[in-house]
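# Descriptive analysis of the structure
Given next are the chains, with one letter for each unit.
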Number of protein chains: 2
Amino acid sequence: MVRNIQRYSQVRNPGKGHLIINPIMVGGIIPKGVQRRLLDDEWTRTGYAVCFDCLEGRSSLIRKPNIRQFLEDVAEFLGGDMAEHSFGCRAAQFAVMKAVADSLKDRSKSYGKIVVADPLCHYTTNIATEMLGFKLVMPPPGHPTSYKVNAQGFRDKVEEIRRESGKLPALIVVTHVDPYYGNLNPVDEVGKIAQEYGIPYLVNAAYTAGVMPVDMKAMKTDFLTVSAHKSMASMGPLGFLVVNSEWSERTFAASKSVKSMGGQALTTKVPSLFGCSVGSTPLISTMLSFPYVVERVGRWAEELEKTRWFIRELEKLGGIKQYGDRPHRHHLVHFETPIFWEISQHHKRRGFFLAEDMEKRGITGVQRGLSKHLKLSVYGLSWSQVERVRDTFYEIAEEYISKHHLNYNIPIKSEVPEKGAAEKS
Amino acid sequence: MVRNIQRYSQVRNPGKGHLIINPIMVGGIIPKGVQRRLLDDEWTRTGYAVCFDCLEGRSSLIRKPNIRQFLEDVAEFLGGDMAEHSFGCRAAQFAVMKAVADSLKDRSKSYGKIVVADPLCHYTTNIATEMLGFKLVMPPPGHPTSYKVNAQGFRDKVEEIRRESGKLPALIVVTHVDPYYGNLNPVDEVGKIAQEYGIPYLVNAAYTAGVMPVDMKAMKTDFLTVSAHKSMASMGPLGFLVVNSEWSERTFAASKSVKSMGGQALTTKVPSLFGCSVGSTPLISTMLSFPYVVERVGRWAEELEKTRWFIRELEKLGGIKQYGDRPHRHHLVHFETPIFWEISQHHKRRGFFLAEDMEKRGITGVQRGLSKHLKLSVYGLSWSQVERVRDTFYEIAEEYISKHHLNYNIPIKSEVPEKGAAEKS
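Position numbers for residues count from 1 along each chain, tracking the sequence in the order it is written. Ligands are numbered from 1 and chains lettered from A, in the order in which they are written. Per-residue local features are limited, in this predicted model, to residues with pLDDT of at least 70; the limit for side-chain atom pairs, both in listing and counting, is 80 or more; totals at the level of whole chains, interfaces and linings are taken over all residues. As a rule here, side-chain values cover all heavy atoms of the structure and leave hydrogens and water aside.

### Regarding the pairing of strand 7 (residues 223-227) of chain A
Residues in a regular strand project their side chains so that they alternate between the two faces of the sheet. All names here are of chain A. For clarity, the threshold we go by: Each residue is assigned to one of three classes by its accessible area relative to the maximum for its type, calculated with a 1.4 Å probe on protein chains only: buried under 20%, partly exposed between the two thresholds, exposed over 50%. Elements are defined by DSSP. Helices are runs of H or I of four residues or more, strands are runs of E of two residues or more, and each kind is numbered from the N terminus. Paired strands are those between which DSSP finds at least two bridges.
Here strand 7 lies mainly inside the structure; five of its five residues are buried. Every second residue of strand 7 is oriented toward a common face, with Phe223, Thr225 and Ser227 on one face and Leu224 and Val226 on the other, all of them buried. Pairing between strand 6 (residues 201-204) and strand 7: three bridges, direction parallel. In the sheet register, Leu202 faces strand 7, and the bridge partner there is Phe223. Across five bridges, the pairing between strand 7 and strand 8 (residues 239-243) is antiparallel. When the sheet's bridge partners are listed, Leu224 is paired in strand 8 with Val242.

Written out as structure tokens, the structure reads:
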């Protein structure tokens, strides 16, 4: 018998009430009104929350609530032709790789079982290639200090593969914004190269679709993978796979083996979606949040302004330096933070002091144990909250500078721009 | 631009306030107190609800909340050695097939790429075999009217495969309770056969683990796949894969390709779990519900009593007949319902009248369009609610018998047994 089972009804949320500055979380924060609707309208009542009116055996085809229309609207919003929801961006990438792998059998023999991806792709891209037996190759980082990839690197790699194997890679993958430095990759230029060679092309928009403008047509991409829990103000796990018309049939091909009780083929079950991707409460959360998401994407310029202001303020402190794109073009920011590393050398909690001190002040999202470099985001915070995050870093620095007589100064704080106006929105 | 976008904030739940008798939903109904905790403790606030204290890059290893301990307790509760959460039972089955497929390379050549499964397995078993390129073969149904499989059929099929190919199947799959008739399959006997031949063995407990006692040791099964949104009072999508110690390493083998930014192997990322199965709010919902789930499994006898009482009452009406196991041993019940089929012939809504009339009376779960045969469940309802479901079927029948002068009688209703006592619980 399981011991102390009652403790499970007492599980506490360590992030409750905190400001969140963890870059993987900020785009997935669900508006309070949506959360309340989920409870009040009983969307949290059952594990099959959307299936009361399922007629065809796949949640993406349900009309009540109108998931079918919603997926069309998601596709349109992102410049694609067809969208299906998935168990997250990782499952969407898997579905793409599966479709591409299966297509190799039918297509001309000029494609090898090789994927070319950017060197800072998310680990789930590695996993998807590994699961489907692709060889994964990467062009070198294009720039020694910004870590940016450049499009030319993809062209060179394709040529190299062709030279060595006589074949083209089966797929090119570019992560729209990489998860390490928040660099915006040259997706449009790589799209032109992919098109020129006739190589299928996937853009992983896990960090972008739902927070900043994304247009598959401009990217000339065949596939777009999206994380709803990362960037669409949605409960997890949920993602979307958006495809263009050329790839929609192949990608969402029906199962050949599933039969009804009467022995008829059930043509609505799609293997790449595990038959049906269930959807459930996460899917409703993303529908309820959709008007908010579309609206906030329209305010991306203001979000970038907050991010850049925050970078400037943090860079005034103790040698802190932002890595990657300058000016920065995404909310995920990676800082080198020598001052906090130096403090950690004096602290009995070592590198853990920073996350812990931030949490004591009600801010969560600094990765535990890290003090030498940090990934942060102030996306979605109000100007006052951005100011508070800046103030908190300054305050913690000040405490230890004074305590350990460190050779740093606390900088003069800048005012936030147009605070009054921005706060009203 | 997406039109009428504001409608998405107004999406309505068609099942709100209804009694639920849909067999896929009843085991996944989340206690009201758990739903409230999800909102109040901010578990519905972000898409990465459990990741505030992630140290190792996989949600199943998190200690705060104690997911690691929880998974050990889930394994213990089901008689297994190790559990991981997954994107549903379908993803868990996929992980099993992947592990078995990968193992064929290393193991003796006596295994062919063939899976033997029961003929009434869930469609997701077909999908998993299809995704991994297994040939799926099935013994014939063992009984012409109950549709039950019998263990001997598995032995015969294994022998047949061995005779024809000189190899053993790579895996035997039995669905603990099938999703069509709710028959309890002879999982213990098949387990003995699998062990005798040395064939890996999977029991799909999507409809059982979390509603009735399940013990992997008694089944002698290597793998157990579980649906949390179907049977563990949990938000979807979520499932569990429980394995015995012999298979745990192979099944949850780390990625060979995922590296940290510094180039070290990240040994916590498991390809079969898509690196990390996220978990998020569904995972917390199943943790909060776990004490309730363990407690209700202890009341399984009473639940069966309700089901059997309901079957007896429905079978008094207009030639209605329950298919499958008699006495019935699961809450999913499939009825042949000639009276409702006859009514549908007179009704302008045809087969749709029944679901619609039930819904008008506040009961949801009869599949739209069906009247000739129905899958229902009264699992988890109080005795009064079971009575109300019976009364509602009688009432609808009575209305049309009288309207169309049909040749049926409305039966005398039986009292529910020990109503007073049962209601207190």
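### Observations concerning helix 10 (residues 280-297) of chain A
All names here are of chain A. As a reminder, the rule being used: To estimate the expected span of a helix, count its residues, drop one, and scale the result by 1.5 Å. Here the bend at each residue means the angle between axes fitted to two seven-residue stretches, the one ending at that residue and the one beginning there.
Relative to the 26 Å expected for 18 residues at 1.5 Å per residue, helix 10 spans 25 Å between its end C-alpha atoms, a close match to the ideal helical length. Approximately 50° is the largest bend angle found in helix 10, and it occurs at Phe290, with the proline Pro291 only one to four residues beyond. The buried fraction of helix 10 is high, at 16 of 18 residues.

### Considering the sheet that holds strand 2 (residues 82-86) of chain A
Residue and element names in this part refer to chain A. Operational definition: Interaxial angle, 0 to 180 degrees, is taken between N-to-C directions of lines fitted to C-alpha atoms, where a helix line uses only the stretch in contact. Note on definitions: a residue-residue contact is assigned when non-hydrogen atoms from the two residues lie within 4.5 Å.
In spatial order, the strands read 2-8-7-6-5-3-4; together these seven strands make up an open sheet with mixed pairing. Strands at the two margins of the open sheet, each flanked by one partner only, are strand 2 and strand 4 (135-137). The mean inter-strand angle of the sheet, taken between neighbouring strand axes irrespective of direction, is 25°. Where helix 5 (residues 151-165) meets the sheet, it contacts strand 3 (111-117), strand 4 and strand 5 (168-175), and its direction lies at approximately 160° from that of strand 5.

### Describing helix 13 (residues 352-360) of chain A
Residue and element names in this part refer to chain A. If you check which residues of helix 13 are buried, you get Phe353, Leu354, Ala355, Asp357, Met358 and Glu359. At its buried positions, helix 13 is contacted by helix 12 (338-346), strand 11 (363-364), strand 12 (373-376) and helix 14 (383-404). A positive phi of about 80° marks Gly362, the residue just after helix 13.

### What about the relation of the copies chain B and chain A?
Spelled out, the test is: In superposing the copies, a least-squares fit is computed on C-alpha atoms, taking residues whose pLDDT is at least 70 in both.
With an RMSD of 0.0 Å, the operation that places chain B on chain A is a rotation of 180° combined with a shift of 0.0 Å along the axis. Here the symmetry operator amounts to a two-fold rotation axis. Of every C-alpha in chain B, the one belonging to Phe87 of chain B sits nearest the axis of rotation, 3.3 Å from it. When the interface residues of chain B are mapped onto chain A, 100% of them again fall at the interface, so both copies present the same face.

### Some details on unusual backbone geometry
For the peptide bond that leads from Lys64 of chain A to Pro65 of chain A, omega is 0°, which places it in the cis range. Within the secondary structure layout, Pro65 of chain A lies in the loop between helix 1 (32-40) and helix 2 (67-77). Each neighbour pair has its own omega, and for Gly236 of chain B with Pro237 of chain B the value is -5°, a cis peptide bond. By the secondary structure assignment, Pro237 of chain B is in the loop between helix 8 (228-231) and strand 8 (239-243). Phi at Val278 of chain A takes a positive value of approximately 65°, unusual for a residue other than glycine. Looking at where Val278 of chain A falls in the secondary structure, it is placed in the loop between helix 9 (245-251) and helix 10. The exposure class assigned to Val278 of chain A is buried, which follows from its relative accessible area of 1%.

### Focus on the interface of chain B and chain A
In plain terms, the rule: The quantity reported as buried area is the accessible area (1.4 Å probe) lost by two parts once they are put together, taken as the sum for both. Basic side-chain nitrogens of Lys or Arg form a salt bridge, by our definition, when they fall within 4 Å of a carboxyl oxygen of Asp or Glu.
Contact with chain B, which involves 92 residues of that partner, is made by 93 residues of chain A. Buried area between chain B and chain A, both sides added, is near 9,000 Å², and the carbon and sulfur share of it is 62%. Run the count over chain B and chain A and you get six salt bridges. Between Asp53 of chain B and Arg368 of chain A there is a salt bridge whose closest N-O contact spans 2.3 Å.

### With respect to the pairing of strand 2 of chain A
All names here are of chain A. With four of five residues buried, strand 2 lies mostly within the body of the structure. Pairing between strand 2 and strand 8: five bridges, direction antiparallel. Residue pairing across strands places Ser86 opposite Gly239, the latter belonging to strand 8.

### Let's talk about empty space enclosed by the protein
To keep it simple, the criterion reads: Two kinds of site are reported from a 1 Å grid over the protein atoms alone, namely cavities, where a 1.4 Å probe fits but cannot get out, and pockets, open sets with protein on both sides within 12 Å along at least five of seven lines, and residues are called lining when an atom falls within 4 Å of a point. Grid points are joined across faces, edges and corners, and a volume is the space filled by probe spheres set on the points. Each residue gets one label: Ala, Val, Leu, Ile, Met, Phe, Trp, Tyr, Cys and Pro are nonpolar, Asp, Glu, Lys and Arg are charged, and the others, such as Gly, are polar.
Inspection of the entire model under this criterion finds four cavities of 30 Å³ or more. Considered as a void within the structure, the largest cavity measures approximately 90 Å³ in volume. The set of elements that each furnish at least two residues to the lining of the largest cavity consists of helix 3 (89-106) and helix 8 (228-231) of chain A. Ranked by residues supplied to the lining of the largest cavity, first place goes to helix 3 of chain A with three residues. Grouping the constituent residues of the lining of the largest cavity by class yields five nonpolar, seven polar and two charged. Estimates place the volume of the second largest cavity at around 60 Å³. Every residue lining the second largest cavity is listed: Tyr48 of chain A together with Cys89, Arg90, Gln93, His122, Thr124, Asn204, Ala206, Ser227, His229 and Lys230 of chain B. Elements that contribute at least two residues to the lining of the second largest cavity include exactly helix 3 (89-106) and helix 8 of chain B.

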